[in-house]
Amino acid sequence: MPPAAKRVPWRWLVAGRASRRLVLVVVFVALLLDNMLLTVVVPIVPTFLYTTEYEGTNSSVAPAQTEPAPPALKAPPFSSMFSYFDNSTVTVSGSMSTVDLANGTESSHLPQPLASSPPLPSSCPEGKEFLAKENIRVGLLFASKALVQLVINPCVGLLTNRIGYHIPMFIGFIIMFLSTVMFAFSGTYTLLFIARALQGIGSSFSSVAGLGMLASVYTDDFERGNAMGIALGGLALGVLIGAPFGSVMYAFVGKSSPFLVLAFLALLDGALQLCILQPSKISPESTKGTPVFTLLRDPYILVAAGALCFSNMGVAMLEPTLPIWMMQTMCSPKWQLGMAFLPASISYLIGTNLFGILANKMGRWLCSLIGMAVVGISLLCVPLAKNIYGLIGPNSGLGFAIGMVDSSMMPIMGYLVDLRHTSVYGNVYAIADVAFCMGFAIGPSTGGAIVRAIGFPWLMIIIGVINIAYAPLCWYLRNPPAKEEKIAILSQECPMQTKNYTTQKTLRDFPLTDDSDVEAENAE
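Just so it is clear, the model here is predicted, and its values are computed rather than measured.

Engineer: I'd like a description of the overall build of the protein chain, backed by residues and values.
Structural biologist: The secondary structure content of the protein chain amounts to 20 helices and three strands. When contacts within the protein chain are restricted to residue pairs at least 6 apart in sequence, long-range pairs at least 24 apart make up 79% of them.

Take a look at the structure:
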């Protein structure tokens, strides 16, 4: 092989490492796998715990209950039998018999049928009390991932400022792979809980580093909005595939099968990161980022973070409670428990890609306001469903509206840092991920307890009203104020209008030189 031909793969690799699109592909795949693992357990865990704990416990009691029925129980209903021992007629009605002493004559009256309650359909699970308690346990298991992620996110934000985004992304892949394998072979609630918490650590590294990397690569606000929409499409696709894929594979192949498939895909993602991102390379930020606590004191960042939290809290409450509610009220089979989330996932995928572009034209604050209102209305309609087909409309509206909020708020977080703080994005996307995780921590953990106390319909009413009430706060993001130095840097064609407060301080000429500060002080 000639030397020029040998250099072709190396040239392609060097070109790939300089390509923003391949960085976007890496982040897309990482978010895809993270959210597939996030939702693939949603239909599996409730039925797996019911099968292993409730049915497994009662199966040992079953032999004592299955004794052969007495002969009278096997007789046809309303049959009569003459006894030659005492010249009486025995009338049999199911398990009851009446003996009429008629001095050798047969009974003249017919037996009355016994009143009995209609049997439940065979697909309905037994043990309603166990299912009610399971709401809390499943909710805590689902919330463990977000709770761990909540704690780890600020640390990852600081780490990315010091060593860059590449190494944390690869660390996230390694932890995610270990968590996936652990899910495949866990057979108890405790092991599943540990695997879910471990997933939270890996997800924190992947999401914070991935979104921060995109914000640093795509510096133009319009391009950044489009890139964030595509990356969130990976998140949406993971949510889209996860729950239906998990329910079908669990019902027809087995519990371990979906997790083993995800582990194989994670290995491919790791190979892609090794080729594109150079995870052994330390590349700290050239400027020091704004501290997390300073960003948390910014009211505009808090409003954007709150919108992310409450809009995602609705679907987070649905994940542990909707499958159990379907088992109780609709007697749904295993495969339907995951398919119920399919409309929400498809509409979320459409919403993130559509409003990644549209939100830039109509105003991201307006998209977020409308999206939160639609989230609330959709949640109020969920308890009205009588079967799985009745869930298509509310879940579709829910997914589409959350897509509007997410695709609008993620670019706003980066824009607010550009507008009001230092343009280093690790910390602000750590805050965005913390807000996202708070929704997925508070939602499942409190949702199960609320369902057990006052019922599933009231849970949907509470979170729906909260979203509708919060929506008007997005109006404050329409015209956020900016620092004077930032206004001169930012493009005047930015879709969000800025507002500045005039001061006595003399403005410095641009571009800045080393003597600019001295000249400004002398002018004062």
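Engineer: I'd love a proper account of helix α15 (residues 364–381), names of residues and values included.
Structural biologist: For α15, with 18 residues, the first-to-last C-alpha span of 26 Å sits near the 26 Å given by 1.5 Å per residue. Those residues of α15 lying buried are R364, W365, C367, S368, G371, M372, V375, G376, S378 and L379. Seen end-on, α15 carries its buried residues on one side only, within an arc spanning 165°.

Engineer: Requested: an account of helix α8 (residues 189–217), with residues and values cited.
Structural biologist: Helix length check: α8 (29 residues) gives 42 Å between terminal C-alpha atoms against 42 Å at 1.5 Å per residue, within 8%. Among the 29 residues that make up α8, 21 are buried, leaving the element largely enclosed by the rest of the structure.

Engineer: Hey, could you go over the side chain of R420 for me, with residue numbers and the actual values?
Structural biologist: Here R420 lies in helix α16 (residues 392–420). The exposure class assigned to R420 is buried, which follows from its relative accessible area of 17%. A distance of 2.7 Å separates the side chain of R420 from the side chain of D298, its partner in a polar contact. Within polar-contact distance, the side chain of R420 engages the backbone oxygen of P481 at 2.9 Å.

Engineer: Mind laying out the pattern of salt bridges, listing which residues take part and the relevant values?
Structural biologist: Taken as a whole, this structure holds one salt bridge when the rule is applied. The closest approach of N and O atoms between R420 and D298, which form a salt bridge, is 2.7 Å. Remark: D298 occurs in the loop between α11 (292–296) and α12 (299–329) and R420 occurs in helix α16; sequence separation between them is 122 residues.

Engineer: Now, about the nonpolar core: what can you tell me, with residues and values included?
Structural biologist: If you look at the biggest cluster of nonpolar residues, it comprises 106 residues, and the most contacted ones within it are L318, L322, M326, M409, M413, Y429 and L477. Ranked by the residues each element gives to this core, the list is headed by α12, at 17 residues. When sequence neighbours within four positions are dropped, the list of residues in contact with M409 reads A304, A307, L308, S368, C474 and L477. If you look at the next biggest cluster of nonpolar residues, it comprises five residues, including V156, I175, V208 and A430.

Rules used in this analysis
Residues numbered from 1 in each chain as written. Predicted model: local features only at pLDDT ≥ 70, side-chain atom pairs only at ≥ 80, totals over all residues. Heavy atoms only, no water. Helix = DSSP H or I, 4+ residues; strand = E, 2+ residues; numbered from the N terminus. Contact = heavy atoms within 4.5 Å. Expected span 1.5 Å × (residues − 1). Buried < 20%, exposed > 50% of the residue type's maximum accessible area, 1.4 Å probe, protein only. Arc of directions from axis to C-beta. Polar contact = N/O pair within 3.5 Å; in protein donor to acceptor, adjacent residues only side chain to side chain. Salt bridge = Lys/Arg side-chain N within 4 Å of Asp/Glu carboxyl O. Core = buried A, V, L, I, M, F, W, Y, C linked by side-chain atoms within 4.5 Å.

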